[in-house]
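Here is how the chains run, residue by residue.
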Amino acid sequence: MDLLALADFTLVARYGGFGRASRAAHRPKATLSRRVAGLEASLNLRLFERGTRDLKLTEEGRALYERAGQLLTELEETAAAIASGGTQVRGRMRISVPLLFSQIAMGRLAAEFARRHPDVRLEVTTEDRAVDMIEEEFDLAIRVNPDPNETLVGRPFLRDRLVVVASPDLPCVDGAPVPAVVRHVAKDERWSVTDVRGEASMDIAPVLCLSSMIMIRDAVRAGAGAAQLPISLVAQDIAQGRLSHWADVPRSDIVLWALYPTRRLLSARVSAFRDFLKDVFPTGTPDELGAFLAA
C-alpha cells in the first residue's frame with residue numbers, strides 16, 4: 001500500500017474535502033485527488049461518496065480512516081523516537097478509568113507517571129461505561145472484568161475480591177435479617193457468603209442504596225449496616241479495628257485490565273504506561289493494592 005496515498009486520504013478525511021485539505025496542508029488539490037483515487041483503485045473500494053457539494057466517508061472509508069490515522073501517528077512517533085535516540089516518551093495520551101479506581105488510586109498514579117514522563121500530556125477521564133476507544137480517541141482504558149472484545153488487546157494488572165464487612169458495633173443476630181447498605185436494589189434480599197462454616201446464605205434488610213463504593217464504605221463505617229466491599233478498600237479499616245470482616249463473597253473476583261486497540265505498532269506512551277502499572281503493582285494482588293492505598 002502507498003503510504004503517501006494513505007496519508008493524503010487521512011488528510012482529506014480529517015478536513016472533510018479536497019479543497020479544505022489542500023488549503024490546510026498547502027498541497028495541490030489535484031495531487032490529493034489523484035492520490036486518493038489511486039488508493040481507491042488499489043483497494044478496489046470506494047472510500048468517499050462524492051456529491052455535488054459534500055464529500056462523505058463510506059463505511060469502508062470510515063473504518064480505514066479510524067485505523068490509518070492511529071497507525072500513521074505511531075509511525076511518525078516511532079521515526080521521531082529513532083531520530084532522537086528513542087529515549088523520550090512524549091505526546092498526548094487519553095485514558096478512560098472506572099469511577100472507583102479513579103477515586104482511590106488514579107490521582108497518585110497519574111502524578112507519578114507525569115513525574116517519570118514529563119513530556120507526556122496525560123488526560124484521564126472517569127467512565128464506568130465501556131467507551132469506544134477508537135471513536136472517542138482513547139489510547140488506553142482500564143476496565144473491570146471486561147467482556148471479550150476482538151478489537152482490543154491488553155493484560156490484567158490487578159485483582160481484588162469482595163468481602164462482607166460491618167462496624168464492630170453492629171449486632172449480628174442469628175436468624176434475623178442483617179441491615180445492609182447496597183449498591184443496587186435486588187429482588188432476592190439474600191447474600192451468598194463463605195465463612196468458617198463454609199458456603200452459606202445471609203438474609204439482609206437493605207437500609208440504604210448508594211451508587212458509590214466510597215459512600216457505601218463511609219456509611220458502613222458510620223454503623224448503618226453491613227456491605228459487600230472490595231477487600232483492598234477496607235483492609236486498613238479491618239486491620240485497625242474500624243470494621244469487622246464477617247465473611248467472604250464466593251465467586252466475586254474483580255480483575256482490572258489495561259486495554260488498548262489492537263494494532264501492530266504499540267504507542268510508546270501506551271507501552272510506558274503499561275510498564276508503569278507493572279512496576280507499581282508487580283504481583284497485582286489485593287494485598288498489594290491495599291498497601292498502595294494505605295501508603
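Going by the structure above, here's the rest.
Values in this document were obtained by computation on a predicted structure and should not be read as measured data.

*Asks:* Break down the overall build of the chain for me, with residues and values.
*Replies:* Tallying secondary structure elements over the chain gives 9 helices and 13 strands in all. Here the C-alpha atoms of the chain give a radius of gyration of 26 Å, more than 25% beyond the 19 Å that 2.2 N^0.38 yields for 295 residues. Its C-alpha atoms put the chain at 80 × 45 × 30 Å along the principal axes. Counting every atom, the chain has about 16300 Å² of accessible surface; 51% of that belongs to carbon and sulfur. Of note, the chain has its 38 positive side-chain charges centred 8 Å away from the centre of its 39 negative side-chain charges.

*Asks:* Before we move on, could you go through the packing of helix α6 (residues 213–221) against helix α7 (residues 231–239) and cite the residues and values that matter?
*Replies:* Each packed pair of helices is defined by two parameters, the angle between the axes and the distance between the axes. α7 packs onto α6 with a crossing angle of 20° between their chain directions and a minimal axis gap of 11 Å. With respect to each other, α6 and α7 are oriented roughly parallel. Crossing of α6 over α7 shows right-handed handedness. Where α6 abuts α7, its residues Met213, Ile214, Arg217 and Arg221 lie against Leu233, Val234 and Asp237. Residues of the contact of α6 with α7, tallied by class, amount to 4 nonpolar, no polar and 3 charged.

*Asks:* Mind laying out helix α1 (residues 3–15), listing which residues take part and the relevant values?
*Replies:* Count 3.6 residues to each turn of an α-helix, and residues three or four apart come out pointing the same way. Look at α1: 19 Å from first C-alpha to last across 13 residues, which is about the 18 Å you get at 1.5 Å a residue. Buried within α1 are the following residues: Ala5, Leu6, Asp8, Phe9, Thr10, Leu11, Val12 and Ala13. Two residues or fewer past α1, Gly16 is found with a positive phi of approximately 75°.

*Asks:* Account for the sheet that holds strand β4 (residues 120–126), naming residues and giving values.
*Replies:* Pairing is mixed in the open sheet, where 5 strands are placed in the order β4-β3-β5-β13-β6. The outermost strands of the open sheet, each flanked by one partner alone, are β4 and β6 (152–160). Across this sheet, the average inter-strand angle for adjacent strands is 20°, counted without regard to direction.

*Asks:* Please give an account of the nonpolar core that cites residues and values.
*Replies:* The biggest cluster of nonpolar side chains holds 56 residues, and the ones touching the most others in it are Phe101, Leu109, Leu140, Phe157, Trp191 and Phe273. For this core, the element with the most residues is helix α5 (residues 99–116), which contributes 6 residues. Sequence-distant contacts of Leu109, that is, excluding residues within four places in its chain, are made with Phe101, Phe276, Leu277, Val280, Phe281 and Phe292. Judged by nonpolar contacts, the second largest core, of 17 residues, contains Ala5, Ala13, Ala68 and Leu72.

*Asks:* Talk me through the side chain of Arg143; I want residue IDs and the actual numbers.
*Replies:* With respect to the element layout, Arg143 can be found in strand β5 (residues 140–144). Look at Arg143: it is buried, it has no salt bridge, and the nearest opposite charge is Glu136 at 7.4 Å. A distance of 2.5 Å separates a polar side-chain atom of Arg143 from the backbone oxygen of Val131. Once residues lying within four places of it in the same chain are set aside, the contact partners of Arg143 are Ala130, Val131, Met133, Leu152, Val255, Leu256, Trp257 and Leu259.

*Asks:* Requested: an account of the pairing of strand β10 (residues 198–209), with residues and values cited.
*Replies:* Here is the key point about a regular strand: its side chains alternate between the two faces of the sheet. Sheet analysis places strand β8 (residues 178–182) next to β10, joined by 5 bridges and oriented parallel. Bridging from a neighbouring strand, Ala180 pairs with Pro206 of β10. Summarising the sheet, strand β9 (residues 190–195) and β10 pair through 6 bridges and their orientation is antiparallel. Within β10, the position partnered with Ser192 by the bridge is Ser201. Between the end of β9 and the start of β10, which pair antiparallel, lie 2 residues.

*Asks:* Give a description of the environment of Ile216 that names residues and reports values.
*Replies:* Within the secondary structure, Ile216 is located in helix α6. For Ile216, a relative accessible area of 2% corresponds to the buried category. Each C-alpha atom, one on Ile216 and one on Thr194, is 21 Å from the other, the two residues being 22 residues apart in sequence. When residues no more than four places from it in sequence are discounted, the contact partners of Ile216 are Val181, Val182, Arg183, Leu210, Ala227 and Leu229.

*Asks:* An account of the side chain of Glu40 is needed here, citing residue identities and associated values.
*Replies:* Looking at the secondary structure, you find Glu40 in helix α3 (residues 29–43). Excluding residues that lie within four positions of it along the chain, Glu40 makes contacts with Leu45, Arg46, Leu47, Phe48 and Arg50.

*Asks:* Break down helix α9 (residues 286–294) for me, with residues and values.
*Replies:* When α9 is considered as a whole, its buried residues turn out to be Pro286, Glu288, Leu289, Gly290 and Phe292. At its buried positions, α9 is contacted by α5, β6, α7 and α8 (268–280).

*Asks:* Would you mind going over unusual backbone geometry in detail, with residue names and values included?
*Replies:* Here the phi dihedral of Asn145 falls at roughly 45°; this positive angle occurs in a residue that is not glycine. Summarising the element assignment, Asn145 is placed in the loop between β5 and β6. For Asn145, a relative accessible area of 39% translates into the label partly exposed.

Rules behind the numbers
- Residues numbered from 1 in each chain as written.
- Predicted model: local features only at pLDDT ≥ 70, side-chain atom pairs only at ≥ 80, totals over all residues.
- Heavy atoms only, no water.
- Helix = DSSP H or I, 4+ residues; strand = E, 2+ residues; numbered from the N terminus.
- Rg over C-alpha atoms; globule rule 2.2 N^0.38 Å.
- Areas by Shrake-Rupley, 256 points an atom, 1.4 Å probe, with all protein chains shown as cover.
- Lys, Arg positive; Asp, Glu negative; His and termini not counted.
- Charge placed at Lys NZ, Arg CZ, Asp CG, Glu CD.
- Axes fitted to C-alpha atoms, helices over the stretch in contact; angles between N-to-C directions.
- Parallel < 35°, antiparallel > 145°, perpendicular 65-115°, else oblique.
- Left-handed = near helix turned anticlockwise from the far one by under 90°.
- Contact = heavy atoms within 4.5 Å.
- Nonpolar A, V, L, I, M, F, W, Y, C, P; charged D, E, K, R; others polar.
- Expected span 1.5 Å × (residues − 1).
- Buried < 20%, exposed > 50% of the residue type's maximum accessible area, 1.4 Å probe, protein only.
- Pairing = 2+ DSSP bridges.
- Core = buried A, V, L, I, M, F, W, Y, C linked by side-chain atoms within 4.5 Å.
- Salt bridge = Lys/Arg side-chain N within 4 Å of Asp/Glu carboxyl O.
- Polar contact = N/O pair within 3.5 Å; in protein donor to acceptor, adjacent residues only side chain to side chain.

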